[in-house]
Amino acid sequence: MVNILLVDDESYVTESLALTIPWQELRIDKVHRAESVDAALELLQQHEIELVVTDIRMPDRDGLELLSELAQHWPGIRSLVLTGHSDFEYAQKAIRLNASDYILKPVDDDQFMASVGKAVEAIEQEWGKLDKYNRLAYRRQSELELLRDGLLSDMLLGRELGGRELLERLDSYEILLEPERQTRMVYMSTGSSLRGMEESEARLLEYALGNIAVELLGEHDPVWFGRTPHSGLILLWQNGDQPDAENRERLQVLTSSAETYLKIQLTLYVSEPFLFPTELATAYRHVLRSAQHPVAASSSRIQWLQQDDGIQERPAMIKYMEPLYKPPTLIHLLESGQWNGARDKVLSVLDSLESLPLTHEHLYEVYLAVSNALVYMSHHHGHMLGESDAGSLDPFAAQHITGSLDRLRSWCMNVLGRLEVQQNNTTTEPSRSRIVKQVQEIVSESLGQDVSVKSIADRVYLHPVYLSKIYKTETGEGLGDYIIRIRMEKALYMLKHTNRKIYEITAELGYQNPQYFSKLFKKHYGMTPNEFRDS
């Protein structure tokens, strides 16, 4: 229904129209009346009005001035003008000021109803288009949020993206962060504020919190707000190297705004600057450990984390944790169905920790690695987390699990066992799935050998073209692309964690030509192996 405003200095004209026109038939809800331009402007400020019918000739200010005000301040309002035969020149000016039509005086009811009815129909058509546009925009925004959260989860869990792919996805998902730029991570802990709420209500509050954070911190700097794989909230903030007074003040305003407007007791854990995206996963693990560690408990609502805060891994810790991140990674073992290999990897780390004077962060590091892999598998294979999780994935509720080495070992084996049973039960292991797993095992075991599509096809007794088609259909990724990706991930690990020469890495990965390997690496990551090592 449309609201209409009738404007004429001769009040009997608007009064007669208000009383005699069957407004409901014209789909008009409310009829407002004014005897001057100033009175009309006051009503426009007070009420929702979609259609204005105004006389042209009025004392003081005429109808053309009202149309000019409408065009400037209320461009969405449609207008009709009342004019006499002698004022036709004014009617032409009114049309130029976006009046939809003119009605001759004295007013004929049928002509008036026809003009108003046409205007109402046009307004309703615009509403329909706007509603469709808003629905499409909302759907697109929802899809973008899902894509952004999926990309963020993958990157936080340690997935390495090639330079070109990363730039394309950042651009298409409308993410303003720039690669190779210093970034801070702001981890937002809502504590118990959202516990016990309906999920829809909690999500609405998180959405509002994200809007406040982006408005406060993204006014001058690129930001990216999203949900983490462990159901947390973070904001990536490219605000420069130093936490200056202004930025500290913004974070203070964020915590106070969350409490004042959303009733959320917010605690922020702010990382030191790191290089995005290369050091993103490491920064995420550090922030999570810091947020749940007893040392981090403080009355302050904003925790500025330091690399040497006592929670950072020590050299001995890095040595014992290295198998968790050395290819084939835990995620890759689970993805390819190598369950025994996954259990062996986790148990080897846990067994080695028995020789250390354990602290809570040691156990939590293993917990994170296993839960990261669990979240990845659940997201990418459509599993329900509750069916495979033997304990909470919320890092703030994981105190019991990581309270002792025995409890952690039991939890890890329970989770991996449940996940294996679930995957076996949710599919009867069709032949194509078995082929994909077999291929992934061959790639994992044979990176330094002749691991071409043809050599793999020979080992699984299929034609290379048919094998490539099966793999692409089942995984969405070309087999050749998968082989290159796994090799590049291993190359990246070796460049990061070893002092091996480039030609040695080239040979170990099965490449004969270091220049060819360098070219592939640059295509995948946007820089040469030497440039990556020097960065």
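Coordinates for the structure precede this section.
Let us look at the structure shown here.

Strand order across the open sheet formed by five strands is β2-β1-β3-β4-β5, with parallel pairing between neighbours. A strand with exactly one partner marks an edge of an open sheet, and here the two such strands are β2 (28–34) and β5 (101–104). Along the sheet, successive strands turn relative to each other by an average axial angle of 20°, direction set aside. Two strands pair when backbone bridges link them, and strand β1 (residues 2–7) and strand β3 (residues 51–55) are joined in this way by four bridges, in the parallel orientation. When the sheet's bridge partners are listed, L6 is paired in β3 with V53. Docked against the sheet, helix α1 (residues 11–20) engages β1 and β2, running at close to 165° with respect to β2. Against the sheet, helix α3 (residues 63–73) makes contact with β1, β3 and β4 (78–83), and its axis sits at roughly 155° relative to β3, the strand it touches most.

Note that soluble globular proteins tend to have their nonpolar side chains buried in a common cluster. Membership of the largest hydrophobic core comes to 54 residues, with the highest contact counts inside it found for M185, W224, L236, V366 and L408. A per-element tally of this core places helix α13 (residues 360–381) first, with nine residues. Core analysis: the second largest hydrophobic core is formed by 22 residues, M188, I212, L233 and W237 among them.

Quick look at the pattern of salt bridges now. A full pass over the atoms with the stated rule returns 21 salt bridges. Residue R61 pairs with E65 through a salt bridge whose shortest N-O separation is 3.3 Å. Close ionic contact of R500 with E504 constitutes a salt bridge, the shortest N to O distance being 3.7 Å. Taking the relative accessible area as the measure of exposure, R500 reaches 31% and is therefore partly exposed. Connected through salt bridges with shared partners, the residues D38, R61, E65 and E69 form a single ionic network.

Let us now look at the packing of aromatic side chains. In the structure shown here, the tally under the stated rule is seven aromatic pairs. Geometrically, the ring pair formed by Y471 and Y482 is tilted, given 5.5 Å between the ring centres and 45° between the ring planes. Taken together, the residues span a long stretch of sequence, with Y471 in helix α18 (residues 464–475) and Y482 in helix α19 (residues 479–497) at a distance of eleven residues. Each member of the pair, Y471 together with Y482, is buried.

In this structure, D221 sits in the loop between α7 (199–217) and β7 (223–227). D221 sits in the buried class, given a relative accessible area of 16%. Polar side-chain contacts of D221 include one of 3.4 Å to the side chain of W237. Discounting residues that sit within four places of it in the chain, D221 has contacts with W237, Q238, N239, N247 and R250.

A word on unusual backbone geometry. Residue F276 is joined to P277 through a cis peptide bond whose omega torsion reads 0°. With phi around 60°, E174 is a residue other than glycine that occupies positive phi space. On the basis of relative accessibility, which here comes to 41%, the residue E174 falls in the partly exposed class. The backbone of E180 shows a phi angle near 60°, a positive value even though the residue is not glycine. Looking at the element boundaries, E180 is found in the loop between α6 (163–172) and β6 (181–189).

A word on the environment of W74. Secondary-structure assignment places W74 in the loop between α3 and β4. Sequence separation between W74 and Q45 is 29 residues, and the spatial gap between their C-alpha atoms is 9.8 Å. The contacts of W74, once residues within four sequence positions are left out, are L41, L44, Q45 and E69.

Next up on the list: the packing of helix α17 (residues 453–460) against α18. At their nearest, the axes of α17 and α18 sit 9 Å apart, and the two run at 95° to each other. With respect to α18, the axis of α17 lies roughly perpendicular. Across from V453, K454, I456, A457 and V460 in α17, the residues of α18 making contact are P464, L467 and S468. Classifying every residue of the contact of α17 with α18 gives six nonpolar, one polar and one charged.

Those residues of helix α2 (residues 37–46) not exposed but buried are V37, A40, L41, L43 and L44. Along the axis of α2, the buried residues cluster in a sector spanning 160°; they form a single face. Of the surrounding elements, those touching the buried residues of α2 are β1, β2, β3 and α3.

Most of β1 is tucked away, with six of its six residues classed as buried. The alternating pattern of β1 places V2, I4 and L6 on one face and N3, L5 and V7 on the opposite face, and all of these are buried. Two strands pair when backbone bridges link them, and β1 and β2 are joined in this way by five bridges, in the parallel orientation. Bridge pairing in β2 links I4 to V31. Note on the crossover from β1 through α1 to β2: the handedness is right-handed.

Two quantities define a packed helix pair, namely the angle between the axes and the distance from one axis to the other. Remark: α2 packs on α3, axes separated minimally by 10 Å, with the N-to-C direction vectors making an angle of 25°. Here α2 lies roughly parallel to α3, going by the angle between them. Handedness of the α2/α3 crossing: right-handed. Facing V37, A40, L41 and L44 of α2, the residues of α3 in contact are L66, E69 and L70. Tallied by class, residues from the contact of α2 with α3 come to six nonpolar, no polar and one charged.

Once that is clear, we can look at the pairing of β6. Most of β6 sits inside the fold, with seven of its nine residues counted as buried. As paired strands, β6 and strand β10 (residues 274–276) are joined by three bridges and run antiparallel to one another. Within β10, the residue paired with Q182 across the bridge is L275. The pairing of β6 with strand β8 (residues 233–237) spans five bridges and is antiparallel. Residue pairing across strands places M185 opposite L236, the latter belonging to β8. Bridge analysis of β6 against strand β9 (residues 267–270) gives four bridges, and the strand direction is antiparallel. Bridging across to β9, M188 finds its partner in L268.

Thresholds, definitions, all that
- Residues numbered from 1 in each chain as written.
- Predicted model: local features only at pLDDT ≥ 70, side-chain atom pairs only at ≥ 80, totals over all residues.
- Heavy atoms only, no water.
- Pairing = 2+ DSSP bridges.
- Helix = DSSP H or I, 4+ residues; strand = E, 2+ residues; numbered from the N terminus.
- Axes fitted to C-alpha atoms, helices over the stretch in contact; angles between N-to-C directions.
- Contact = heavy atoms within 4.5 Å.
- Core = buried A, V, L, I, M, F, W, Y, C linked by side-chain atoms within 4.5 Å.
- Buried < 20%, exposed > 50% of the residue type's maximum accessible area, 1.4 Å probe, protein only.
- Salt bridge = Lys/Arg side-chain N within 4 Å of Asp/Glu carboxyl O.
- Phe/Tyr/Trp six-rings, centres within 6.5 Å; stacked < 30°, edge-to-face > 60°.
- Polar contact = N/O pair within 3.5 Å; in protein donor to acceptor, adjacent residues only side chain to side chain.
- Parallel < 35°, antiparallel > 145°, perpendicular 65-115°, else oblique.
- Nonpolar A, V, L, I, M, F, W, Y, C, P; charged D, E, K, R; others polar.
- Arc of directions from axis to C-beta.
- Right-handed = clockwise from strand over helix to strand, strands pointing away.
- Left-handed = near helix turned anticlockwise from the far one by under 90°.

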